[in-house]
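The residues making up each chain are set out below.
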Amino acid sequence: AEEEEEEEEAGGGLQITPQLLKAATGEFSLESILLLRLRGRGIAGLGCLAACANLEWLDLSGNAIARLDALAALPALAVLNLAANRVADAAPLAACHNLQVLNLAGNRLRALRQLRCLTGLRRLESLRLRDPLAGLANPLCAAPAYRSAVAGMFPGLKAIDGERLCGRGSELYQLCRDLDTSLGRGAGGAGAGAGGGEHPGAAQPWVDAGFWEPRPRRRSSIVEEAYRQFGEVLRECRELGRRADDTIAQAERALASRPDPSSFVF
């Protein structure tokens, strides 16, 4: 019954069309679209979205989308927001091997086993299934210790539901915990050393060499596209400024060539 309901929902409602995509992005070619935001449009079907083969950033939150088949044709997709939709099957996303950030909060995923199809996404770093601030969740979030189960299923994740699992914050916490443990052992070992003549070992660094060095930035076509668009806007502004200067200069010359109104005799 649920599958029939989803098919009916996918059959009706607004579909993504080339006209909609071009109007939303200003691009003439669907393959040129890198970033796309279609939030809260009442979209029920992905339509021709598969034609956006180079899409990297996609926000479809707040719609009525149930089927994700078209997304399987987007290998470059890195950021995907599907919050507040009607997704009950995430299997098509298994083909998005470049996916790094995935938001599925507020959908219809009922069991943790429905996420196993995504365990092959080696680059996935952030997965959101619940958003308390927005009041969004999936039925599977009611399972006891579901976050621990998700963390075990996806060992490469750095964040679940917006809470960091690893990174500088968690690594610092781990370092402090390890330090407390070592200090506790040292306190016990001091007495043993006094009685047994043992000497503490040489101090070891807290972090590996190069831990605090900045990592090289990965080139991103999203950033390059943003710079390109900013450059175009800047050139347009300079051109408008030049035209404005010319118009003002012409107006000043026209006013200067007019006779003095005080010399008129009525």
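- An unreviewed UniProt entry annotates the protein chain as LRC61 protein originating from Syrrhaptes paradoxus.

## Some thoughts on the side chain of Asn 85
Here comes step 1: Locating Asn 85 in the fold gives a position in the loop between strand E5 (79-81) and strand E6 (101-103).
Here comes step 2: Residue classification places Asn 85 among the buried positions, given a relative accessible area of 6%.
Here comes step 3: From its side chain, Asn 85 meets the backbone oxygen of Leu 82 in a polar contact 3.1 Å long.
Here comes step 4: Setting aside residues up to four positions removed in sequence, Asn 85 forms contacts with Leu 60, Ser 61, Gly 62, Asn 63, Ala 64, Ile 65, Gly 106 and Asn 107.

## Brief notes about unusual backbone geometry
Across the chain, the bulk of peptide bonds are trans and the bulk of non-glycine residues have phi less than zero.
Here comes step 1: In this model, Ala 145 sits at a positive phi of 55°, which is unusual for a non-glycine residue.
Here comes step 2: Residue class for Ala 145 comes out exposed when judged on its relative accessible area of 56%.
Here comes step 3: The phi angle at Asp 161 is positive, at roughly 55°, despite the residue not being glycine.

## Quick word on the sheet that holds strand E7 (residues 126-128)
Here comes step 1: Judged by pairing direction, the sheet is mixed, and its 7 strands sit side by side in the order E2-E4-E5-E6-E7-E8-E9 without closing on themselves. Looking at the sheet topology across the chains shown, the edges are occupied by strand E2 (35-37) and strand E9 (163-164).
Here comes step 2: Here E7 runs beside strand E8 (residues 159-160); their pairing, made up of 2 bridges, is parallel. Bridging from a neighbouring strand, Ser 126 pairs with Ala 159 of E8.

The rules behind each value
- Residues numbered from 1 in each chain as written.
- Predicted model: local features only at pLDDT ≥ 70, side-chain atom pairs only at ≥ 80, totals over all residues.
- Heavy atoms only, no water.
- Helix = DSSP H or I, 4+ residues; strand = E, 2+ residues; numbered from the N terminus.
- Buried < 20%, exposed > 50% of the residue type's maximum accessible area, 1.4 Å probe, protein only.
- Polar contact = N/O pair within 3.5 Å; in protein donor to acceptor, adjacent residues only side chain to side chain.
- Contact = heavy atoms within 4.5 Å.
- Pairing = 2+ DSSP bridges.

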